[in-house]
Amino acid sequence: DTFPPGELTRLITTNGGEVNAYTFRDATMYSDFMPKDQLPLIFQLESDRMQNLNFTARQFETEKNIILNERRVKIDDQPMGYMFQTLDYVANMASPYNNPIIGWSSDIKQLSSQDVMNWYHEYYAPNLATLVVVGDVDPDSVYQLAQQYFGDFKNAMPLDIKNYPILSQTGV
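Here goes a summary of the coordinates provided.

Thresholds applied
- Throughout, residues of each chain are indexed from 1 in the direction in which the sequence is written.
- Where local features are concerned, this predicted model is filtered to residues with pLDDT of at least 70; where side-chain atom pairs are given and counted, the filter is 80 or more; whole-chain, interface and lining totals use all residues.
- Heavy atoms from the whole structure form the basis of all side-chain values; hydrogens and water molecules are not counted.
- By nonpolar core we mean a set of buried residues, namely Ala, Val, Leu, Ile, Met, Phe, Trp, Tyr and Cys, connected to one another through side-chain atoms within 4.5 Å.
- Only protein chains enter the calculation, and the probe is 1.4 Å; a residue is then buried if its accessible area is under 20% of its type maximum, exposed if over 50%, and partly exposed in between.
- Helix and strand assignments come from DSSP, with helices taken as H or I runs of at least 4 residues and strands as E runs of at least 2, each series counted from the N terminus.
- Only heavy atoms matter for contacts: two residues are in contact if any of them lie within 4.5 Å across the pair.
- Cavity and pocket criteria rest on a 1 Å grid covering protein atoms alone: a 1.4 Å probe that fits but cannot get out defines a cavity, protein on both sides within 12 Å along at least 5 of 7 lines defines an open pocket, and an atom within 4 Å of a point defines a lining residue.
- Grid points are joined across faces, edges and corners, and a volume is the space filled by probe spheres set on the points.
- All amino acids are sorted into three groups, where Ala, Val, Leu, Ile, Met, Phe, Trp, Tyr, Cys and Pro are nonpolar, Asp, Glu, Lys and Arg are charged, and the leftover types, Gly among them, are polar.

### Regarding the nonpolar core
Next, step 1: Membership of the largest hydrophobic core is limited to twelve residues, which are Leu 39, Phe 43, Met 50, Met 117, Tyr 120, Tyr 124, Val 142, Leu 145, Ala 146, Tyr 149, Phe 150 and Phe 153.
Next, step 2: Looking at this core, the elements with two or more residues in it are helix H2 (39-51), helix H6 (113-123) and helix H7 (139-150).
Next, step 3: It is H7 that provides the largest number of residues to this core, a total of five residues.
Next, step 4: Ignoring anything within four residues of it in the chain, the contact list for Ala 146 reads Phe 43, Leu 131 and Gly 151.
Next, step 5: Residues Leu 8, Leu 11, Ile 12 and Met 34 belong to the second largest nonpolar core, which totals seven residues.

### Comments concerning the layout of surface pockets
Next, step 1: Approximately 200 Å³ is the volume found for the second largest pocket.
Next, step 2: Along the walls of the second largest pocket sit Met 50, Gln 51, Tyr 120, His 121, Glu 122, Tyr 124, Ala 125, Lys 154, Asn 155, Ala 156 and Met 157, which together make up its complete lining.
Next, step 3: For the lining of the second largest pocket, the elements supplying multiple residues, two or more each, are H2 and H6.
Next, step 4: Per element, the largest residue contribution to the lining of the second largest pocket is three residues, and it comes from H6.
Next, step 5: Of the residues assigned to the lining of the second largest pocket, the class counts are six nonpolar, three polar and two charged.

Structural measurements only, silent on function.
Okay, structure coming up:
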């Protein structure tokens, strides 16, 4: 509600910055590159993203279709993409790492906006995040901004770390 859709990107780019986001196996990265005099703006935007995510059903469906299309282009319609996905699946049979980073098409298709919001409310919290600030900045000022913008947020419950057994590879 604080910033309408697209406002984060607009504010960053109009203030001389760049914004990107990407996902790895264990993390989602939000990278903002800004002039150092805009550091308070970045903290304001990212703290708002961590606490006040809001989207419409239409926006959710649009993003879901973008992800399905990206998966189709990079994996389903590409022999090498499909081969690497299969290799990961077989090499990590007893681990959650057997799931592709982008997800399985069947999972993406049945994902609801409520599923996403439930996940967001459970896991988007400062104690499960890492903030990295690089550049010609004053560490004390950065700490003060982190305290100002994230210090009052509720922490998430500690993650329940699972121990996944490694299946023996039989070659069959």
